[in-house]
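Now for the letters of each chain:
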Amino acid sequence: MKISLSLMFAVGILFSNSSKAQAEIEIPLWQNGAPGLQHQQPETANDRHETGRLDRYISYISKPTLTIYPAPADKATGTAILVVPGGGFRYVCIDKEGIEVAQWLNAQGITAAVLKYRTLAPDGDRSWKSIQPLTADTSRAMRVLRQHASEWKIDSKKIGVIGFSAGGIMALQLLTDQDEGDPSAADAAEKLGNRADFITLVYTGLPGNKMPKFSKNTPPVFIVHASDDPKAVPVVGAPAELHAFRRGDHGFGMTPASGSVRNWTSLYADWMRDLKLLDK
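Residues numbered from 1 in each chain as written. Predicted model: local features only at pLDDT ≥ 70, side-chain atom pairs only at ≥ 80, totals over all residues. Heavy atoms only, no water.

**Side note on unusual backbone geometry**
Glycine aside, the phi torsion of most residues is negative, and most peptide linkages are trans.
Thinking step 1. A positive phi angle is found at His-49, which is not glycine, with a value near 55°.
Thinking step 2. Among the structural elements, His-49 can be located in the loop between β2 (44–47) and β3 (56–59).
Thinking step 3. Of note in the backbone geometry, Tyr-203 takes a positive phi value of approximately 35° without being a glycine.
Thinking step 4. The residue Tyr-203 is located in the loop between β9 (199–202) and β10 (221–226) in this model.
Thinking step 5. Residue Tyr-203 is classed as buried on the basis of its relative accessible area of 0%. (Helix = DSSP H or I, 4+ residues; strand = E, 2+ residues; numbered from the N terminus. Buried < 20%, exposed > 50% of the residue type's maximum accessible area, 1.4 Å probe, protein only.)

Below, the structure is given as C-alpha cells:
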C-alpha cells in the first residue's frame with residue numbers, strides 16, 4: 001500500500017497538534033434525567049454530507065448532553081462559549097454548527113461547550129408551545145458552565161452563547177428567561193444564574209416570532225446573516241454589531257463555500273477582541 005508524503009505530513013500535523021489540545025468531556029445535562037419530553041424511538045444520527053465533510057443530523061434526542069472542548073493551555077483566555085447548533089428543533093446539526101464551531105473557538109483560546117439539546121419528533125408539531133420547553137436545556141447549560149467554572153478553568157463572568165438558526169432562537173430566549181438562580185434549590189447548578197455575558201446569533205429567527213425585550217442591561221450582541229436568507233433577522237435595541245451579507249443563504253456554518261460571508265468569523269474574532277474576551 002502506497003502512502004503519499006502529503007498524507008504522512010498531514011497525519012504528523014494532526015498528532016502533533018492533538019498533543020496540545022485537551023480531550024473533550026461529555027456530561028449529561030440533567031443528572032437525574034431531563035424533565036418532560038421523552039421519545040420512544042432511539043436517538044438517531046444521519047450523515048447528510050451536505051458540506052462534503054461529516055455532517056450529522058441527530059434526531060429523537062431525549063437525553064441532552066454538554067460536551068466541553070477546553071481551550072489549549074497555551075492559548076486559554078478564560079472565556080467560554082455555549083454552542084447551540086440549529087436543526088429546526090427536530091434535529092441537532094452536531095458537526096457543522098457544533099463540533100466545527102468548538103474547534104474554531106479553541107483556536108481563539110476559548111473553551112467551547114457544545115449543547116446536544118432535546119428535539120421534537122421530525123414529523124411532530126413545531127408550534128412555539130411545543131418548542132418553548134426545550135429552551136430549558138439552554139438555561140441549564142449556562143448554569144452547569146458556571147457550576148464547573150473553576151474545574152474547567154473558565155471565568156464565570158465571561159461565559160457567552162452562540163446559536164445557529166433554531167439554536168439562535170434558544171439563545172435569544174435566554175434574554176427572557178435569565179435569572180440569578182434559586183438559592184434554595186437542592187440542585188447545585190440551579191442555585192446559579194443562567195445569564196449570558198454576550199450573545200452571538202447566526203442566521204437566526206425570533207422566539208415565537210416575537211422580539212424579546214431589550215434594555216441597558218442586555219449583554220452585547222453580535223449578529224451575522226445573509227440578505228438572501230428567507231428567515232427574518234432580529235434587530236436589537238442593545239449594544240449590537242450586525243453583519244448582513246448580500247449572499248450566503250441559510251446554514252453556511254463556520255466555513256461558507258463562497259462570497260464575502262466567508263469573512264464572518266474574522267469579524268466575529270475582532271468583535272470579541274474589542275470586548276477583551278480574547279485577552280489572556
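Next, the rest of the story.
**With respect to the pattern of salt bridges**
Oppositely charged side chains can form a pair if their charged atoms are brought close together.
Thinking step 1. Counting across every chain of the model gives 11 salt bridges.
Thinking step 2. With a shortest N-O distance of 3.5 Å, Arg-143 and Glu-190 are connected by a salt bridge. Pair noted here: Arg-143 is in helix α4 (residues 136–147) and Glu-190 is in the loop between α5 (166–177) and β9, with a separation of 47 residues, a long-range link.
Thinking step 3. According to the relative accessible area criterion, Arg-143 is buried, its value standing at 7%.
Thinking step 4. With a shortest N-O distance of 3.2 Å, Asp-197 and Arg-146 are connected by a salt bridge. Residue Asp-197 is located in the loop between α5 and β9, and its partner Arg-146 is located in helix α4; the two are separated by 51 residues in the primary sequence.
Thinking step 5. Residue classification places Arg-146 among the buried residues on the basis of a relative accessible area of 17%.
Thinking step 6. Here the salt bridges share partners, and the residues they tie into one network are Arg-140, Arg-143, Asp-179, Asp-187 and Glu-190. (Salt bridge = Lys/Arg side-chain N within 4 Å of Asp/Glu carboxyl O.)

**With respect to the sheet that holds strand β6 (residues 91–93)**
Working definition: the strands of a sheet are paired by backbone hydrogen bonds and lie parallel or antiparallel to each other.
Thinking step 1. Pairing in this open sheet of 3 strands is antiparallel, and the strands run β2-β3-β6 from one edge to the other. Each edge of the open sheet carries a strand with a single partner, namely β2 and β6. The sheet shows a mean angle of 25° between the axes of neighbouring strands, direction not considered.
Thinking step 2. Here β2 runs beside β3; their pairing, made up of 4 bridges, is antiparallel. Across the sheet, the residue bridging to Thr-44 is Ser-59, located in β3.
Thinking step 3. Most of the contacts of helix α2 (residues 95–107) go to β6, to which it runs at about 40°, and overall it touches β3 and β6. (Pairing = 2+ DSSP bridges. Axes fitted to C-alpha atoms, helices over the stretch in contact; angles between N-to-C directions. Contact = heavy atoms within 4.5 Å.)

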